[in-house]
Amino acid sequence: MAPTISGPDSEMSSERYGQTNRENAIDLDEVRQILSHFKYRDFQEAQELILSALQEVNEHFGWVSLDAAEVVAHHFGTTATRVYGLLTFYADFRTEPRGKHFMLLCHGMACYVMGSQRLIQNLEDVWGIADGDTTADGELTVQVVNGCLGVCDKAPICKLDADFFGDLTPETLNQAIRGAIAGGGSWRDAHHPVAAGSNHDR
Amino acid sequence: MTDRLGTRADFERFQQTARHRWEALWQGDKLIVSVGVDSSSEPKGASRVLAACREALRGTSAVVREVSGNGAMWMEPTVEIKRPGEPPVVYGWIEPEDVPALLAGDLQERAVGVRGPEAFRGIPPLDKHPFFKHQVRIVMEDFGVIEPDSIEDAIARGAYSALSKVLFEMTPEEAIAEVTASGLRGRGGAGFPAGIKWESGRKARARPKFVAVNSHEGEPNVYKDRRIHEGDPHKILEGMLIASVVCGAERAYNYIGGEYPLAIKRFRRAVADAERLGLIGKNILGSGQDVEVRVRTGGGAYICGEGSALMYSVMGVRGQPRTKPPRSVEEGLWKRPTVLNNTETFANVPAIISKGGEWFSQIGTATSAGTKMMTVQGPLKHVGLVETPMGISMRTLIDEVWGGMRDGHQFRGVQTGGVSAGPLTPEHLDYAVDFDSMTELGGMLGSGGFVVFDQHVCPVDFARYLTAFNRVESCSKCVPCHRGNPALVEILDRIRLGGGGRDDLSLMERTSKHIIDLSLCGLGQVAPMPLLGMMKMYPQDFLDHIERHVCAAGACPIATPEALATAAD
């Protein structure tokens, strides 16, 4: 495996990349632990597994830091630039940490025709956050889903931590958020790794 | 744990055993409780219903099964109960706390139908329900019937017998001839004949060759492919294996959207089980054929549903399309010939091989054979996933299958073809739903997701939503799409805010033409279609915004000149 470029680059990047303070830094040993499941036999398989591995890291930590991206790049014998290019292209990845609670707000067509635009507006007006943002107090991160969450009979819907809320209005959305914040849980409660117990070799 | 099935005879013995076990279960004297758990019922508490059933029946001889939903989403969570000597009855709207009463037989008012031909104690057969009456299920045949995590269930219901037929009774040419004769066309939207594609795949001379399944399903309007993975994953797997065998591919990929954890989990389970039985891998059932199956997951980029973008994504780079030719069947994954089809296309193949292309071609219309899985969104009474013959009228679908509009909602139109085509209005509802009929109106079957909208949705705002989707999801590789769609959104915003002029309409038409003519990939080339469709079907709404500064639906922020000045900044 080719070593990745590190050194001055990573110092500069952690500053520009922000967020890598002690509180939410990603434990790179844990990343290596995740990566140890992603074994590959040849070049092709290594390339094919990069995205899956990043998904696993993203699911586990809620985001992928540049440090973590470098570890992933090293594991697959590629460059951090390439990995960062993937992180910024694919919508599911975050390059900043999640807040304490994490909401997927569906903006598929079912939700649009049933009024999800008002919900997005409400998040901006009441909570001051747009797609991808975290509230200033770090309590809530919202991600607007451009695809479809597939619960269209209950549109508009959102998934907040582990729970789904359907037939939403701005009022019920705000209630759900307040409930989650008061409830004390976090998005980690909803952490069901996609590939748990499965064979990563395929 | 069963050992690897080394020969066809081993497979047939296994199949016999599975069938006996299946019949013994359903003809036996045990209580059978089947809970439908999938991505649409799960958010409504289906797993908790399942857990409640298991808890209530612990220590009894009852069999509690985890099946998938039957597509009738509006009545989820559903539970099917079969008591000894009685037919299975499906109950809807079951909450976890309802389970004791349900098992005690006290919830007869929630009985929706009998799974079987005859009524039972006043409960009609499920197939008589308007939602199910018009359906013909090939892909969805066993949804809610088998346990998707049980390969024994699937094999008892016939899975992998078509694979065995292809391996031992047919030449690849004969198998492809059946697919060609069936008239099966690609279910992802383009409608390219599958048989012709497979033929090109077989004839391609470069080695190795690959088969790839497009299960990305990144559209905002459809949720069918993930449900095949959740309901009957072995149908997809068998279709992939058949395609690999007849095209001479040594590896088959399934690219699943990363947002669908249950679909991924159940499909991976299916692959692991099939591998264990020797239905995947080296020397399948002793035939000398090798096929490796790999599951790859996407990262939430709509563009990765485009063929070449999907392959780049599988290869671990940004999913950006390339110019064609060469087509993927000549040069696809790892620059090798790759036969790529939609999930639903592959899932139709086992039935075509088993029952013949002729049988399949009799279903549907002359140019669009077979059935189509269709999903609906919007304020309808019976929102759900259906599989009907091609050619059914839009009116039948909306008024009968999907139960008509909910109270207080007036039908305004139905958006077809996702973000790649235009809407149909009330006067067009008698058009047939198939690959060809709707195109003259600017509509499209697409992947089968229809979005019904009511008087609260403004066509200008909807056009903005659809164009904005294409703007956000543009991969940014080519300029016409990358710059053109934001330009369209900007003009639409001007109109929505009441600042539009008459020349904006022709400007949008010209800009659209540039995007259509000059974009690199198929998705870019259709990106302006929803806008053009909305302008064609609802010209008055656009004029009202421009000339009278009125939004009849009340959806647009029609505003004062001061607000406009701010918005322009």
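Residues numbered from 1 in each chain as written. Chains lettered and ligands numbered in written order. Predicted model: local features only at pLDDT ≥ 70, side-chain atom pairs only at ≥ 80, totals over all residues.

Trainee: Looking at this structure, how should I read the packing of helix α7 (residues 172–182) of chain B against helix α8 (residues 194–203) of chain B?
Mentor: The geometry of a pair of packed helices is captured by two quantities: the angle between their axes and the separation between those axes. All names here are of chain B. The contact between α7 and α8 brings their axes to 7 Å, and the two run at 155 degrees. What the angle tells us is that α7 and α8 run roughly antiparallel. As α7 runs across α8, the sense of the crossing is left-handed. Here Pro172, Ile176, Val179 and Thr180 of α7 lie close against α8, whose contacting residues are Ala194, Gly195, Ile196, Trp198, Glu199 and Arg202. A class-by-class count of the residues in the contact of α7 with α8 yields six nonpolar, two polar and two charged. (Axes fitted to C-alpha atoms, helices over the stretch in contact; angles between N-to-C directions. Helix = DSSP H or I, 4+ residues; strand = E, 2+ residues; numbered from the N terminus. Parallel < 35°, antiparallel > 145°, perpendicular 65-115°, else oblique. Left-handed = near helix turned anticlockwise from the far one by under 90°. Contact = placed C-beta atoms within 7 Å. Nonpolar A, V, L, I, M, F, W, Y, C, P; charged D, E, K, R; others polar.)

Trainee: Can you help me understand the domain arrangement of chain B in this one?
Mentor: Residue and element names in this part refer to chain B. Each assigned domain of chain B is listed with its residue range as follows: domain 1 (31–128), domain 2 (193–355), domain 3 (371–454) and domain 4 (459–568). Using only C-alpha atoms to locate each centre, domain 3 and domain 4 end up separated by 23 Å. Facing nine residues of domain 3, the contacting portion of domain 4 comprises twelve residues. Of the residues belonging to the side of domain 3 that touches domain 4, the class tally is four nonpolar, five polar and no charged. (Domains from an automatic or database assignment.)

Trainee: Explain the environment of Val151 of chain A here, please?
Mentor: In this fold, Val151 of chain A is placed in the loop between β2 (140–145) and β3 (158–160). Measuring from C-alpha to C-alpha, the distance between Val151 of chain A and Phe164 of chain A comes to 9.4 Å, with 13 residues separating the pair along the chain. Val151 of chain A has contacts with Ile157, Phe164 and Gly166 of chain A together with Ser40 and Pro43 of chain B, leaving out every residue within four places of it along the chain.

Trainee: I tried to follow the interface of chain A and chain B on my own but got confused; where do I start?
Mentor: For interface size, the figure often reported is the accessible area lost on association. With 34 residues of chain A in contact, the opposing surface of chain B contributes 46 residues. Counting only elements with at least two residues in the side of chain A that touches chain B, the list comes to α3 (43–61), α5 (80–89) and α6 (109–113) of chain A. The greatest single-element share of the side of chain A that touches chain B, amounting to seven residues, is contributed by α3 of chain A. Split by residue class, the side of chain A that touches chain B holds 18 nonpolar, twelve polar and four charged.

Trainee: Explain the confidence of the model for chain B to me, please; I cannot follow it from the model alone.
Mentor: Note: predicted coordinates in regions of low pLDDT should not be interpreted at a detailed level. Across chain B, the average pLDDT comes to 95, with 98% of residues at or above 70. Both scores are available for the predicted complex, with the pTM at 0.94 and the ipTM at 0.92. (pLDDT = per-residue confidence, 0-100.)

Trainee: Looking at this structure, how should I read the sheet that holds strand β10 (residues 371–377) of chain B?
Mentor: Picture the strands of a sheet paired through backbone hydrogen bonds; they go either parallel or antiparallel. Residue and element names in this part refer to chain B. Here we have five strands laid out as an open sheet, ordered β11-β10-β14-β12-β13, and mixed in their pairing. Since the sheet does not close on itself, it has two edges, and those belong to β11 (385–389) and β13 (423–424), each with one partner. Note: strand β12 (residues 411–415) against β13, two bridges, orientation antiparallel. Paired with Val414 across the bridge in β13 is Leu424. (Pairing = 2+ DSSP bridges.)

Trainee: I would appreciate a short explanation of the environment of Ile151 of chain B in the present structure.
Mentor: Residues and elements named next belong to chain B. Here Ile151 shows up in helix α5 (residues 151–156). Between the alpha carbons of Ile151 and Ala46 there is a distance of 22 Å; along the sequence they are 105 residues apart. Ile151 has contacts with His234, Ala270, Asp273, Ala274 and Leu277, leaving out every residue within four places of it along the chain.

Trainee: I tried to follow the pairing of strand β6 (residues 210–215) of chain B on my own but got confused; where do I start?
Mentor: Consecutive side chains of a regular strand alternate in pointing toward one face of the sheet and then the other. Residue and element names in this part refer to chain B. By the criterion of burial, β6 is predominantly enclosed, with six of the six residues buried. Going residue by residue along β6, you find Phe210, Ala212 and Asn214 tucked away on one face and Val211, Val213 and Ser215 tucked away on the opposite face as well. Relative to strand β7 (residues 251–256), β6 runs parallel, the two sharing six bridges. For Ala212, the partnering residue across the bridge sits in β7 and is Tyr253. Sheet topology places β6 next to strand β9 (residues 338–342); five bridges connect them, and they run parallel. Of the residues in β9, the one forming a bridge with Ala212 is Leu340. (Buried ≥ 20, exposed ≤ 12 C-beta atoms within 10 Å, placed from the backbone.)

Trainee: Would you explain the domain arrangement of chain A in this entry?
Mentor: Split into domains, chain A comes out as domain 1 (8–89) and domain 2 (101–189). A straight line from the C-alpha centre of domain 1 of chain A to that of domain 2 of chain A covers 28 Å.

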